[in-house]
Amino acid sequence: MASRYGGSKQTESFGPSGETIMEYSIFDAIKAGFDKVIFIIRAEFAESFKGAIEPKLRGKVKLEYVYQGLGKFRDGRALPEGRTKPYGTQHALLCCKDVLDAPFAVINADDFYGLDAFEKAYAFLTQSVEDGKYACLGYQLKNTLSDHGSVTRGEIQVDEGNYIVGIKERKEIFKRADKAFRVNDGDEIAMDLMTPVSMNFFCFTPSFVNWSEGEYYDFLDRHDTDLKAEFLIPEVVDRLIKTGKGVVSLVKTDASWFGVTFKEDAELVRSELDQLTSEDGYPRNLWFEGIN
């Protein structure tokens, strides 16, 4: 719902022919080899969403829709009175449980990830992935900050084998004079600009989603009285690693990342997409001139 942005950034036009950021991710994914897209949306938006996206993508990639709802995966638990906020990204992924039948990548709809990231994800998913062996695409912190306010990023720690040993959600990260800081209990703590961070681009098999169902019930038992608590992919991945249920490789990408957290970010995103288009990275109209 994009409370800080003040609108529906997932469906806003940013490209030169009115494309959403999500359409660039789909374009890059198809180019990299992916052949199916599952959209996780809210049921009340389904009609308008399908009307906007299907004319562009029909015949270019297989489409499927999953609806995230507060009442899904309660296992008999009553919904807390006053809960309106969705339960987060891993709950959204859990809602896909019955339609996932192959290794897959998961992304945010409002982030631009770049072709290199999708190519590396596709390579991992076709060559290296297996149950209990997953991957996270990692970006440099300096390339993921906003000029217009603080952001939340998943700080990644890796061992000598390039396996992730932890993902820590860091809130209130901001930049000042080409340096990065995070706020912790009111104190400002400097961060290395080269720190690898998660932008919610992961590679999994369906077994990860199946395993996470039990974790979700534990989450509800511990946090359901907190009406703003969220079940987030990086935190569940961190739990997977720390309990020894699986390993997650860090796959570094040189792709440019940008996204919209604040309203002021929108013009930067439009400028970046215009530049990518003028440099022949993308056609001016993704679906008319691009993939057939």
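Placed above this text is the structure.
Residues numbered from 1 in each chain as written. Predicted model: local features only at pLDDT ≥ 70, side-chain atom pairs only at ≥ 80, totals over all residues. Heavy atoms only, no water.

A.B. asks: Just checking my understanding: could you explain the nonpolar core for this structure?
C.D. replies: Core analysis: the largest hydrophobic core is formed by 58 residues, its most contacted members being Phe204, Phe208 and Val237. If sequence neighbours within four positions are ignored, Phe208 has contacts with Gln90, Leu93, Tyr134, Val236, Val237 and Leu240. Counting residues in each nonpolar core, the second largest holds 25 residues, with Ile30, Val37, Ala46 and Leu286 among its members. (Core = buried A, V, L, I, M, F, W, Y, C linked by side-chain atoms within 4.5 Å. Buried < 20%, exposed > 50% of the residue type's maximum accessible area, 1.4 Å probe, protein only. Contact = heavy atoms within 4.5 Å.)

A.B. asks: Help me out: how do you make sense of the pattern of salt bridges in this one?
C.D. replies: If the charged atoms of two oppositely charged side chains come close together, the side chains can form a pair. This structure, assessed with the given rule, holds 19 salt bridges. A salt bridge links Lys97 to Glu213; its shortest N-O distance comes to 2.5 Å. With Lys97 in the loop between α3 (89-94) and β3 (104-106) and Glu213 in helix α5 (residues 206-223), the pair connects residues that are 116 residues apart, well separated along the chain. The class for Lys97 is partly exposed, based on a relative accessible area of 28%. Across the salt bridge formed by Glu215 and Arg239, the nearest N and O atoms sit 3.0 Å from each other. Of the two residues, Glu215 sits in helix α5 while Arg239 sits in helix α6 (residues 233-242), which places them 24 residues apart along the sequence. Overlapping salt bridges bring together Glu12, Lys263, Glu267 and Arg270 as one network. (Salt bridge = Lys/Arg side-chain N within 4 Å of Asp/Glu carboxyl O. Helix = DSSP H or I, 4+ residues; strand = E, 2+ residues; numbered from the N terminus.)

A.B. asks: Any chance you could explain the pairing of strand β6 (residues 151-158) here in plain terms?
C.D. replies: The side chains of a regular strand alternate between the sheet's two faces. Here seven bridges tie β6 to strand β7 (residues 164-176), and the two strands are oriented antiparallel to one another. The partner of Val158 across the bridge, within β7, is Ile164. As consecutive antiparallel partners, β6 and β7 are separated by five residues, and within that stretch Asn162 has a phi angle of approximately 70°, a positive value. In this sheet, strand β10 (residues 196-204) lies alongside β6 in antiparallel orientation, the contact comprising two bridges. Paired with Gly154 across the two strands is Ser198, which belongs to β10. (Pairing = 2+ DSSP bridges.)

A.B. asks: Where do I start with the side chain of Asn200 in this structure?
C.D. replies: Structurally, Asn200 is set in strand β10. Within polar-contact distance, the side chain of Asn200 engages the side chain of Asn108 at 3.3 Å. For Asn200, the residues in contact, after removing those within four places along its chain, are Thr89, Val106, Ile107, Asn108, Tyr113, Ile233 and Pro234. (Polar contact = N/O pair within 3.5 Å; in protein donor to acceptor, adjacent residues only side chain to side chain.)

A.B. asks: Help me understand the side chain of Arg170, please; the structure alone is not making it clear to me.
C.D. replies: Residue placement: Arg170 occurs in strand β7. Setting aside residues up to four positions removed in sequence, Arg170 forms contacts with Val151, Thr152, Arg153, Glu155, Arg182 and Met191.

A.B. asks: It is not clear to me how the state of the cysteines should be interpreted in this structure. Could you clarify?
C.D. replies: Chemically, a disulfide is nothing more than a covalent bond linking the sulfur atoms of two cysteines. In the structure shown here, the tally under the stated rule is zero disulfides. Cys96 supplies the cysteine sulfur nearest to Cys95, a cysteine that is in no disulfide, at a spacing of 7.0 Å. (Disulfide = S-S within 2.5 Å.)

A.B. asks: Sorry, what's going on with the packing of aromatic side chains here?
C.D. replies: Here a ring pair, both rings aromatic, is described through the centre-centre distance and the interplanar angle of the planes. For the structure shown, the criterion picks out 27 aromatic pairs. Between Tyr113 and Phe118, the aromatic rings sit 6.3 Å apart at their centres with planes inclined by 85°, giving edge-to-face as the arrangement. In this structure Phe118 comes out as buried when scored by relative accessible area, which is 3%. Here Phe174 and Phe181 contribute two aromatic rings whose centre-to-centre distance is 5.7 Å and whose plane-to-plane angle is 25°, an arrangement assigned as stacked. (Phe/Tyr/Trp six-rings, centres within 6.5 Å; stacked < 30°, edge-to-face > 60°.)

A.B. asks: I would appreciate a short explanation of the environment of Leu57 in the present structure.
C.D. replies: Residue position: Leu57 is located in helix α2 (residues 46-57). Taking relative accessible area as the criterion, Leu57 reaches 0% and is therefore assigned buried. Placed 20 residues apart in sequence, Leu57 and Val37 show a C-alpha to C-alpha distance of 9.9 Å. Residues in contact with Leu57, not counting those within four places in the same chain, are Ile26, Phe39, Leu63 and Trp287.

A.B. asks: It is not clear to me how the environment of Gly244 should be interpreted in this structure. Could you clarify?
C.D. replies: Among the secondary structure elements, Gly244 is positioned in the loop between α6 and β11 (247-252). A relative accessible area of 61% places Gly244 in the exposed class. C-alpha of Gly244 to C-alpha of Ser48: the two residues are 196 residues apart in sequence and 43 Å apart in space.

By themselves, these figures tell us nothing about what the structure is for.
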